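# Inside the fold
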Amino acid sequence: MCKKAIIAMSGGVDSSVAALLMKEKGYTCMGATMKLYQNEDIGLRREHTCCSLDDVEDARSVAYALDMPYYVFNFADRFKTDVIDKFVHAYETGVTPNPCIDCNRYLKFDKLFQRMVELNYDYVVTGHYAQIDFDENTGRYLLKKAVDHNKDQSYVLWSLTQEQLKHVQFPLGGMEKCEVRALAEAHNFINARKHDSQDICFVQNGSYADFIEQYTGKTYPPGDFVDTDGNVLGQHRGVIRYTIGQRKGLGLALPAPLYVKSVDIEKNTVTLSPESELFKKELTASGINLISVAEIKEPMHIKAKVRYRQPEQWATVTQTGPDSLKVVFDEPQRAITCGQSVVLYDGDRVLGGGTIDSVK
């Protein structure tokens, strides 16, 4: 029986080649672009984001070239609730969100997954660089790093459940990026040389703080920069503008470099310190999802990373409850930040991940 796949098409080269590869494997494919918000919602034109009208037309062009039906699904309400509003709330409460992980969790692999079930399709397919395997010994689906480690996106996929992994495919996981572009050019795709999107899709001008003020209609009052002894160093421009480890954009003339160490929402202060004070060894995380194992029965010495571009670091992980874990790094790590994700690796396998909720 012919299998059917919904291809999540952003208009970029990766999802376009993913569609091509699924067609070549003999799948019956449908192209789908998620409409995530209205232009008016973010107050700006959307010409250079992953959700612009140009991107929709690029996706449609590729779908038609591959003789695939193509649809735009309006998921704007869910995106507003679970991505944009969560993003704003995080900064207002002094933590740093990762909206791309939330988009994967709540849109691509939840809302689009639901649409797959409703339409009686078998798979959701995306252009992510990661691999899915099945372990016959444990009976569990595995999430593994991509062959192209420079493009590996397993970090942003840690929330995938066993049921989702069973019905998701990443055709690019075994390829290098240069191979993907070569395939797109060989098939004359309109987006073969299109640049990859790097920014948060709903933040147009690169300033997330400006977006938050425009979106909420609020102004966030200035307050004090202080050192770790409480001495006032100057005035900040609103606590939402600062994240742990930040040095640039402080607007202070200081005798030695200082970095954002913490943000106190109640006191409306931003504490600065030397870089040496940013290094911590221990974190706790909640909202965990385990992939290669059902539970962590005893402490494991594995590797972990606390941001997308960070090299993995050796650490000991202990599961402290059904929905929580503790990670203690062998060596102190710079600027571990609440609200970000910690992702655990056992070799090239993703053990699991969670959202950082405390650091010490």
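Time to look at helix α3 (residues 53-65). End to end, α3 covers 18 Å across 13 residues, agreeing with the expected 18 Å (1.5 Å per residue, within 8%). When we look at burial in α3, the residues that qualify are Asp 55, Val 56, Asp 58, Ala 59, Val 62 and Ala 63. The buried residues of α3 all sit within an arc of 160 degrees when viewed along its axis, so they share a single face. The exposed set on the far side of α3, more than 90 degrees from its buried face, consists of Leu 53, Asp 54, Tyr 64 and Ala 65. The first or second residue beyond α3 is Asp 67, which carries a positive phi of 60 degrees.

A separate point is the packing of helix α4 (residues 76-92) against helix α5 (residues 99-118). α5 packs onto α4 with a crossing angle of 170 degrees between their chain directions and a minimal axis gap of 10 Å. As summarised for this structure, α4 and α5 are arranged roughly antiparallel, according to the angle between their axes. When α4 is examined against α5, the residues Arg 78, Phe 79, Asp 82, Val 83, Lys 86 and Phe 87 are found in contact with a partner set consisting of Pro 99, Asp 102, Cys 103, Tyr 106, Leu 107, Asp 110, Lys 111 and Gln 114. Among the residues forming the contact of α4 with α5, the class breakdown is 7 nonpolar, 1 polar and 6 charged.

Moving on, we get to the packing of aromatic side chains. Following the criterion strictly, the structure yields 15 aromatic pairs and no others. Ring centres of Tyr 27 and Tyr 123 lie 6.0 Å apart, and the angle between their planes is 75 degrees; this geometry places the pair in the edge-to-face category. Taken together, the residues span a long stretch of sequence, with Tyr 27 in the loop between α1 (13-24) and β2 (28-35) and Tyr 123 in strand β4 (residues 123-125) at a distance of 96 residues. The exposure class assigned to Tyr 123 is buried, which follows from its relative accessible area of 18%. With a centroid separation of 4.3 Å and 20 degrees between ring planes, the pair formed by Tyr 91 and Tyr 208 is classed as stacked. Here Tyr 91, found in helix α4, pairs with Tyr 208, found in helix α8 (residues 208-216); they are 117 residues apart in sequence, far enough to count as distant. We classify Tyr 91 as buried; its relative accessible area is 8%. On the basis of relative accessible area, Tyr 208 is assigned to the buried category, the value being 18%. It is Arg 115 that lies over the ring of Phe 73; its NZ or CZ is 4.5 Å from the centre. Its end group placed over the ring of Tyr 345, Lys 145 keeps NZ or CZ at 5.3 Å from the ring centre.

As a further point, take the sheet that holds strand β8 (residues 223-226). The mixed open sheet is built from 4 strands, whose spatial order is β9-β8-β11-β10. Lying at the two open borders of the sheet, with one neighbouring strand each, are β9 (232-236) and β10 (259-264). Here the strands of the sheet are splayed against their neighbours by 30 degrees on average, with no regard to which way each runs. Bridge count between β10 and strand β11 (residues 269-273): 5 bridges; the pairing is antiparallel. In the sheet register, Val 260 faces β11, and the bridge partner there is Leu 272.

Strand order in the open sheet formed by 5 strands is β3-β2-β1-β4-β7, and the pairing between neighbours is parallel. Single-partner strands in this sheet number two, and they are β3 (70-74) and β7 (168-169). Where strand β1 (residues 4-8) meets β4, 3 bridges bridge the pair, whose relative direction is parallel. By the bridge assignment, Ile 6 is partnered in β4 with Val 124. This element, α1, spans β1, β2, β4 and β7 of the sheet and lies at about 170 degrees to β1.

Both β8 and β9 contribute to a ladder of 4 bridges, which runs antiparallel. For Val 226, the partnering residue across the bridge sits in β9 and is Val 232. Where β8 hands over to β9, the hairpin turn is made up of 5 residues, of which Gly 230 adopts a positive phi near 90 degrees. Bridging between β8 and β11 involves 3 bridges; their strand directions are parallel. Across the sheet, the residue bridging to Asp 224 is Thr 269, located in β11.

The description of two helices packed together rests on the angle between their axes and the distance between the axes. At a closest axis distance of 11 Å, the pairing of α4 and α8 adopts a crossing angle of 110 degrees. The pairing of α4 with α8 is recorded here as roughly perpendicular in orientation. As for how α4 packs across α8, the hand of that crossing is left-handed. Packed against α4, whose contacting residues are Lys 80, Ile 84, Asp 85, Phe 87, Val 88, Tyr 91 and Glu 92, the element α8 presents Tyr 208, Phe 211, Ile 212, Tyr 215 and Thr 216 at the interface.

Rules behind the numbers
- Residues numbered from 1 in each chain as written.
- Predicted model: local features only at pLDDT ≥ 70, side-chain atom pairs only at ≥ 80, totals over all residues.
- Heavy atoms only, no water.
- Helix = DSSP H or I, 4+ residues; strand = E, 2+ residues; numbered from the N terminus.
- Expected span 1.5 Å × (residues − 1).
- Buried < 20%, exposed > 50% of the residue type's maximum accessible area, 1.4 Å probe, protein only.
- Arc of directions from axis to C-beta.
- Axes fitted to C-alpha atoms, helices over the stretch in contact; angles between N-to-C directions.
- Parallel < 35°, antiparallel > 145°, perpendicular 65-115°, else oblique.
- Contact = heavy atoms within 4.5 Å.
- Nonpolar A, V, L, I, M, F, W, Y, C, P; charged D, E, K, R; others polar.
- Phe/Tyr/Trp six-rings, centres within 6.5 Å; stacked < 30°, edge-to-face > 60°.
- Lys NZ or Arg CZ within 6 Å of the ring centre and 35° of its normal.
- Pairing = 2+ DSSP bridges.
- Left-handed = near helix turned anticlockwise from the far one by under 90°.

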